[in-house]
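# Residue-level structure breakdown
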Amino acid sequence: MGKKGDLSNFERGMVVGARRAGLSISQSAQLLGFSHTTICRVYKKWCEKGKTSSMRQSCGRKCLVDARGQRRMGRLIQADRRATLTEITTRYNRGMQQSIFETTTRTTLRRMGYNSRRPHRVPLISTTNRKKRLQFAQAHQNWTVEDWKNVACSDESLKAKGGHTQY
């Protein structure tokens, strides 16, 4: 069987319960769906120390950004939503004794539920076009629905072919 990760406390209790009920290692493994090695290790630890909880949570390097640091990073993001990863990391490191790298910032932000996005590129409206749009809107602001029903809108490509727009 492949590695599936740590067992929960409930699963560890089931292993101990099956062995205490008199089932063999093979029977326990088949019943619970775990490997022989897993059954042996869990039961042996229970016999030696009297507990089934896993101590693996304390393994590995501690995260440099704790809950307080995450709140601080969240405030930095709320202050400037368009800040880049480098800017966020620089601002975060200003008030901290221990600095973090951009990769740490990226992992922390992902853990907090933020993802990197790029804004859509939208063509800007020229000043002359903006003025024409405003004039049109002001000229037609008092039109009713019945007035608009008499308008035939056309595509720009039709204008080039000789079509026209009726106002």
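Cut-offs applied
Residues numbered from 1 in each chain as written. Predicted model: local features only at pLDDT ≥ 70, side-chain atom pairs only at ≥ 80, totals over all residues. Heavy atoms only, no water. Helix = DSSP H or I, 4+ residues; strand = E, 2+ residues; numbered from the N terminus. Buried < 20%, exposed > 50% of the residue type's maximum accessible area, 1.4 Å probe, protein only. Contact = heavy atoms within 4.5 Å. Areas by Shrake-Rupley, 256 points an atom, 1.4 Å probe, with all protein chains shown as cover. Arc of directions from axis to C-beta. Salt bridge = Lys/Arg side-chain N within 4 Å of Asp/Glu carboxyl O. Phe/Tyr/Trp six-rings, centres within 6.5 Å; stacked < 30°, edge-to-face > 60°. Lys NZ or Arg CZ within 6 Å of the ring centre and 35° of its normal. Axes fitted to C-alpha atoms, helices over the stretch in contact; angles between N-to-C directions. Parallel < 35°, antiparallel > 145°, perpendicular 65-115°, else oblique. Left-handed = near helix turned anticlockwise from the far one by under 90°. Core = buried A, V, L, I, M, F, W, Y, C linked by side-chain atoms within 4.5 Å.

Another point: the overall build of the chain. Across its full length, the chain holds 9 helices and 0 strands. Along the chain, from the amino end to the carboxyl end, the secondary structure elements read α-α-α-α-α-α-α-α-α. Every one of the 167 residues in the chain was classed for burial, and the buried ones make up 20%. Pairs at least 24 apart in sequence give 45% of the contacts found in the chain among residues at least 6 apart. Summed over its atoms, the accessible surface of the chain is roughly 13800 Å², and 51% of this surface lies on carbon and sulfur atoms.

Glancing now at helix α6 (residues 102-112). An α-helical turn contains 3.6 residues, so a residue and the one three or four places further along point in the same direction. Buried within α6 we find T104, T105, T108 and L109. The arc enclosing the buried residues of α6, seen along the axis, measures out at 130°, which places them on a common side. Exposed residues pointing more than 90 degrees away from the buried face of α6 are listed as T103, R110 and R111. Structurally, α6 contributes buried residues whose contacts are with α4 (67-79) and α5 (85-94).

Right, let's get into the pattern of salt bridges. For the structure on display, the rule yields 2 salt bridges. The shortest N-O distance in the salt bridge between D80 and R91 comes to 3.5 Å. Separated by 11 residues along the polypeptide, D80 in the loop between α4 and α5 and R91 in helix α5 bring together distant segments of the chain. When its relative accessible area of 27% is taken as the criterion, D80 is described as partly exposed. Where K149 meets E146, a salt bridge forms, and the shortest distance between an N and an O atom there is 3.6 Å. Within this pair, K149 and its partner E146 are both found in helix α8 (residues 145-149), separated by 3 residues, close to a single helical turn.

Turning our attention to the packing of aromatic side chains. Following the criterion strictly, the structure yields 3 aromatic pairs and no others. Relative to W148, the ring of F136 lies with its centre 6.2 Å away and its plane at 55°, an arrangement referred to as tilted. In this pair, F136 sits in helix α7 (residues 127-139) while W148 sits in helix α8, placing the two residues 12 residues apart along the sequence. Aromatic pair W143 and W148: ring centres 4.8 Å apart, planes at 55°, arrangement tilted. Judged by relative accessible area, W148 falls into the partly exposed class, the value being 36%. When the ring centre of Y43 is taken as reference, the NZ or CZ atom of R19 above it lies at 4.9 Å.

It is the contact of helix α1 (residues 9-20) with helix α2 (residues 25-32), at a shortest axis distance of 10 Å, that shows an interaxial angle of 140°. Accordingly, the angle class assigned to the pair α1 and α2 is oblique. Along this stretch, α1 crosses α2, giving a crossing that reads as right-handed. Of α2, the residues touching α1 (which contributes M14, V15, A18 and R19) are I25, S28 and L32.

If you look at the biggest cluster of nonpolar residues, it comprises 10 residues: V65, M73, L76, I77, A83, L85, I88, Y92, I100 and L109. Put simply, the parts of the chain that give this core at least two residues each are α4 and α5. Not counting residues up to four positions away in its chain, the partners in contact with M73 are V65, I88, Y92, I100, T105, T108 and L109. In this structure, V16, A29, L32 and I39 belong to the second largest nonpolar core, which totals 9 residues.

These results come straight from atomic positions and should not be treated as a statement about function.
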